[in-house]
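Descriptive structure summary
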Amino acid sequence: MQISNAVLRLRLPILIALGLLTVAAGLLAPRLGFDFSPQGTYDGNGRLVEDSEAFKDVFGHPDAVLLTVLEATGTTDVLAPDALAWTAAFAREAAALERVVRAETLSTLRLPLGEAPAGGALALGSIVGPTAVDAETSRLARRVLQRLPLLIGTFVSADRRLATVHVYMDPDAREVGVMRPIVDAVKRLAVQRPPPAGFDVHFSGLPVIRADIVSDLEDEQIRNLPLCAFVIVVVLMLGFRRIGISLLALAVIGIGQLWTAGALGLAGQSLNLISNILPILLFTIGMANAAHVVNRYAEECRRLPGDRKAAAARTLSHMGLACLLTYATTAIGFLSLSTARSDVLQDVGLQTALGLLLLYIATMLILGILLHRFRPPAYVDGEEAGGLSIAGVVARMGRAVAEHPWPVLLLGIALIVSSVVLSRGIVVDCRVTETYPEEHPTTSTLRMLEARLDGVMTFDVDLEAAEPGRLLRPAVVHKVEDLATFLATQAGVIKARTFVDAQQEVRRVMAGAQARPPLPPDGEEGLRDVLAAHVACQMAGPALHYGDFITQDGGRARVMVHVQSIGSRRLLELFGTLETRMAELFPADGDVQASLTGEAFLFARAMDNFIHDVLRSFTWAILVIFGVIALLFRSLRLGLVSMLPNLTPLAITIGYMALRGYDLNASNVIVFAIGLGIAVDNTIHFLARYREERKPGVPAPVAVQRTFHGAGRAIVLTSIVIIVGLSSIHGSEFVPTQRFAELTTVTMVAALIGDLYLLPACLVLFEGRTRRRRREADAEARS
């Protein structure tokens, strides 16, 4: 009480200091960065990332290739003269852009345009030259494709309705902030140079997908946060029936958020793909605590009519400790994420803990100081309320739980067990395009490329020999071909390409044959044939990209596997099958070592590691929180009792996800952070009020009912406010936003079940009986 009186007595200098702090935070907040790049979740997989980058330094960076796709929608195909002219001009202009290394398309590649002379080298040239593009150019393009079918799928679809321009960015420009201007510049080219009539242009490739995801996430933040906040304020006004105090609560939370943004900006921090929930997480927890403070203020004003200042002081005295416990416990729980392997999760833990600390200061100081200047909400005691008012409903809930704790507890446990049983069918499965629905242009373009071209996602088999030239031995060549043939039979694989494909293509063209020749036999003659093809492929120019598949000395090679976006779970199954076959062809004690790497491999392994890291970290967070609750309330029993209501929202939410057919992925696993935060917050407020009401001589059922009248009303009102607020973003076209709103709503309802049914039932059944037995033992000892 002395601290609260001191705060009110020094309110003017405190407000001035806080005002200056707010101004400084406003100036620093723009420094807060946003890095919503999905690659951020790869942090903590150092060896995988290092191996992948080292491999790409040798064979190229597929994650730096942007695809411009020309689609024929009319009667002519992409080999028509106007289409060839457009792709050639687009490639030349794209190659001139800043941070673009080169651009390739069928019409500009240097290709063997004629038959190879007997024993001579291939004559190379471009389909589109300096002269006008006409019908003869179109016929030449068709002859080249017929002679070089290896180009089909890469630059032109088999039905001749799609053509691609491959724009190779500087590999050092793969960071999203650098990549986005390049992607935007390439897209602008299509606006400045529109395609011919009867053709459409699409964009894809990992740079485009990643840039689009980041842009859409930022747009969602800008659009949804104000909308959600507006709806919440309206509902809060209806709940408190006071405009002024509702706006005050919102302003306090907003100031706490601004302080957080300023502090993070000062520290040079960024919000990442996971910590982008920080504003909503802090808003949710802040609103819950503000609602408890305002509700207590209304209660104290009823006890002290006409003396708002004294009521505010009593409110600050009672709620200061309760709010400190909620904020501190949740912050400690999130700080445990700093033990995670992932840098992204470590950032979430530290940023959330800092935000909660600043929110507590804002709530206690600003709200506490200004509270007495606002009319309190009308406080109606639960016993006096009737009908469907919040107070009346809460009072009836309290009586039901206090009078029938066993049925309530057993029903709750049955619900949790059912959810856990349902959740056994849930799997970890992440997709590159899980951000978008199937009808979104990014997803539909990707599906089109997978169905008619080579797709976007690839992984690689890295073949490394003990000595140079070993991979060019016919026996090894046969094994490489066997591996590619095996891969082609696997579900989800579009194509597997090797250096053997290029050698076979060159042999066929130089021999003037139509069919692909047999592989060279083992022995010296076969070795000479392979070496000759190796030299010929190096002289054939960039069209075959031979250097992207084997090093010049023949000591290292790749099998490049194009796959559909089948999700991390099926990819991991494919990798397991493939590793078994690799061990048969290239045993560990052999002279050629085979290992997996590449974008799809890194994505699947890193995302699987990330999700399991999240689950491990939150498990530790839960254990830490329960331990802190036990220490704060100096009761191991209360710590154990609090486990059930706090696990309830997590169990029910994951059971609901299984029922809906949702997988665990990076987009929806963050809902558990919201569930944990709000459940812990409600639990501590309920326990703090229960300890206050559990005076000597007051039995547990009575204390529980009184707690419902106080904390229960605030818990229900907060939940209603947040659920209705989230309903404003259910209609988002962004899948993670839709799922976030849906799953958070389920989590909030489940938290209500845990905190207003299971927690009080456990208190009546266990905490009350423990005290009674302790009193009986003390009485017996005295006698």
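Relevant structure appears above.
**Some points on the overall build of the chain**
Check the secondary structure of the chain and you find 24 helices and 12 strands. For the chain, the spread of C-alpha atoms along the principal axes amounts to about 115 × 60 × 45 Å. Taking all 783 residues of the chain together, the buried fraction comes to 57%. The contacts of the chain with a sequence gap of at least 6 include a subset with a gap of at least 24, amounting to 80%. Counting only carbon and sulfur atoms, one obtains 60% of the accessible surface of the chain, whose full area is about 31200 Å². Taking the average place of the 72 positive charges on the side chains of the chain and the average place of its 75 negative ones, the gap between the two points comes to 11 Å.

**Focus on empty space enclosed by the protein**
Taken as a whole, this structure holds nine cavities of 30 Å³ or more when the rule is applied. There is about 60 Å³ of room inside the second largest cavity. Taken together, 10 residues line the second largest cavity, and the ones lying closest to its centre are Pro 112, Leu 148, Val 506, Ala 540 and Leu 544. Elements that contribute at least two residues to the lining of the second largest cavity include exactly β4 (111-112) and α16 (499-511). Considering every element that reaches the lining of the second largest cavity, the biggest residue donor is α16, with three residues. Of the residues belonging to the lining of the second largest cavity, the class tally is nine nonpolar, no polar and one charged.

**Points about the packing of aromatic side chains**
One pass over the full model with this rule turns up seven aromatic pairs. Ring geometry for Trp 86 and Phe 90: centres 4.9 Å apart, planes at 25°, overall stacked. You can see Trp 86 and its partner Phe 90 sitting in helix α4 (residues 81-95), four residues apart, about one turn around the helix. You can call Phe 90 buried: its relative accessible area is 0%.

**A few points about the sheet that holds strand β6 (residues 162-169)**
Spatial ordering of the open sheet is given by β3-β6-β2-β7, a layout of four strands whose pairing is antiparallel. The strands lining the two open edges of the sheet, one partner per strand, are β3 (100-105) and β7 (199-204). Taking each pair of neighbouring strands and ignoring which way they run, the sheet shows an average axis angle of 20°. Summarising the sheet, strand β2 (residues 65-72) and β6 pair through seven bridges and their orientation is antiparallel. Directly across from Val 65, in β6, lies its bridge partner Tyr 168. Strands in contact with helix α7 (residues 206-240) are β2, β6 and β7; relative to β2, the strand with the most contacts, it is inclined by about 100°.

**Section: the environment of Ser 215**
Note on placement: Ser 215 falls in helix α7. With 39 residues separating them in the primary sequence, Ser 215 and Val 176 have C-alpha atoms 9.9 Å apart.

**A few points about the side chain of Ser 568**
Relative to the elements of secondary structure, Ser 568 occurs in helix α18 (residues 568-585). Its relative accessible area of 0% is what places Ser 568 among the buried residues. Setting aside anything within four residues of it in sequence, one finds Ser 568 in contact with Val 428, Asp 429, Cys 430, Phe 603 and Ala 604.

**A closer look at the sheet that holds strand β11 (residues 556-563)**
In a beta sheet, neighbouring strands pair by backbone hydrogen bonds and run either parallel or antiparallel. In spatial order, the strands read β10-β11-β9-β12; together these four strands make up an open sheet with antiparallel pairing. Either end of the sheet is taken by a strand with one partner, and the two such strands are β10 (493-497) and β12 (592-597). With strand direction ignored, the average angle separating the axes of adjacent strands in the sheet is 20°. Inspection of the sheet shows strand β9 (residues 457-465) paired to β12 by six bridges, in the antiparallel sense.

**Let's talk about the nonpolar core**
If you look at the biggest cluster of nonpolar residues, it comprises 196 residues, and the most contacted ones within it are Phe 459, Leu 483, Phe 499, Val 559, Val 563, Leu 664 and Leu 763. If you tally residues by element for this core, the top one is helix α19 (residues 599-632), at 16 residues. Among all residues touching Leu 483, those that are not within four sequence positions of it are Val 461, Val 559, Leu 578, Arg 581, Met 582, Leu 585 and Phe 586. Ala 94, Ala 103, Val 156 and Phe 199 belong to the second-largest nonpolar core, a separate cluster that totals 45 residues.

**A closer look at the pattern of salt bridges**
Summed over all chains, the structure comprises 38 salt bridges. Here Arg 452 ties to Asp 159 by a salt bridge, and the two come within 3.4 Å at their closest N and O atoms. Of this pair, Arg 452 sits in helix α14 (residues 441-452) while Asp 159 sits in the loop between α5 (135-147) and β6; the two residues are 293 residues apart in sequence, bridging distant segments of the chain. Taking relative accessible area as the criterion, Arg 452 reaches 28% and is therefore assigned partly exposed. Put simply, Glu 300 and Arg 314 hold a salt bridge, and the shortest N to O gap is 2.7 Å.

**Observations concerning the packing of α18 against α19**
One way to put it is that α18 packs onto α19 with a least axis distance of 9 Å and a crossing angle of 115°. The pairing of α18 with α19 is recorded here as roughly perpendicular in orientation. Classified by chirality, the crossing of α19 by α18 is left-handed. Judged by residue contacts, Ser 568, Leu 571, Leu 572, Phe 575 and Glu 579 of α18 engage Ala 600, Phe 601, Phe 603, Ala 604, Arg 605 and Asp 608 from α19. Counted by class, the contact of α18 with α19 contains seven nonpolar, one polar and three charged residues.

Each value, and the rule that gives it
- Every residue gets a number counted from 1 within its own chain, in the order that chain's sequence is written.
- Side-chain atom pairs in this predicted model are given and counted only at pLDDT of 80 or more, local residue features only at pLDDT of at least 70, and totals for whole chains, interfaces and linings cover all residues.
- Only hydrogens and water are set aside when side-chain values are computed; all heavy atoms of the structure are taken into account.
- A run of DSSP states H or I qualifies as a helix once it reaches four residues; a run of E qualifies as a strand once it reaches two. Both are numbered from the N-terminal end.
- Think of it in three bands: with a 1.4 Å probe and only protein chains considered, a residue is buried below 20% of the maximum accessible area for its type, exposed above 50%, and partly exposed in between.
- Throughout, a residue-residue contact means that at least one pair of heavy atoms, one from each residue, lies within 4.5 Å.
- All accessible-area figures derive from a Shrake-Rupley calculation using a 1.4 Å probe, and residue coverage is judged against the displayed protein chains alone.
- The convention is simple: Lys and Arg are positive, Asp and Glu are negative, and His and the chain ends are not counted.
- In this description, the location of a charge corresponds to atom NZ of lysine, CZ of arginine, CG of aspartate or CD of glutamate.
- Within this scheme a cavity is a closed region of a 1 Å grid, computed over the protein atoms alone, that accommodates a 1.4 Å probe without allowing it to escape, whereas a pocket is open but has protein on both sides within 12 Å along at least five of seven lines; lining residues each have an atom within 4 Å of a point.
- Grid points are joined across faces, edges and corners, and a volume is the space filled by probe spheres set on the points.
- Throughout, the ten residues Ala, Val, Leu, Ile, Met, Phe, Trp, Tyr, Cys and Pro are labelled nonpolar, Asp, Glu, Lys and Arg are labelled charged, and all others, Gly among them, are labelled polar.
- Note on aromatic pairs: the rings of Phe, Tyr and Trp (six-membered ring only in Trp) are paired at centre separations within 6.5 Å, and the planes decide the class, stacked below 30 degrees, edge-to-face beyond 60, tilted for the rest.
- Between any two strands, pairing holds if DSSP finds at least two bridges.
- Orientation is described by lines fitted to C-alpha atoms, with helices fitted over the stretch in contact, and by angles between N-to-C directions that extend from 0 to 180 degrees.
- What we call a nonpolar core is a set of buried Ala, Val, Leu, Ile, Met, Phe, Trp, Tyr and Cys residues that are connected through their side-chain atoms within 4.5 Å.
- Throughout this description, the term salt bridge denotes a Lys or Arg side-chain nitrogen within 4 Å of a carboxyl oxygen of Asp or Glu.
- Working rule for angles: under 35 degrees goes down as roughly parallel, over 145 as roughly antiparallel, 65 to 115 as roughly perpendicular, anything else as oblique.
- For a crossing to be left-handed, the near helix must be turned anticlockwise from the far one by less than a right angle; the clockwise case is right-handed.

The values reported here are purely geometric and, on their own, carry no functional implication.
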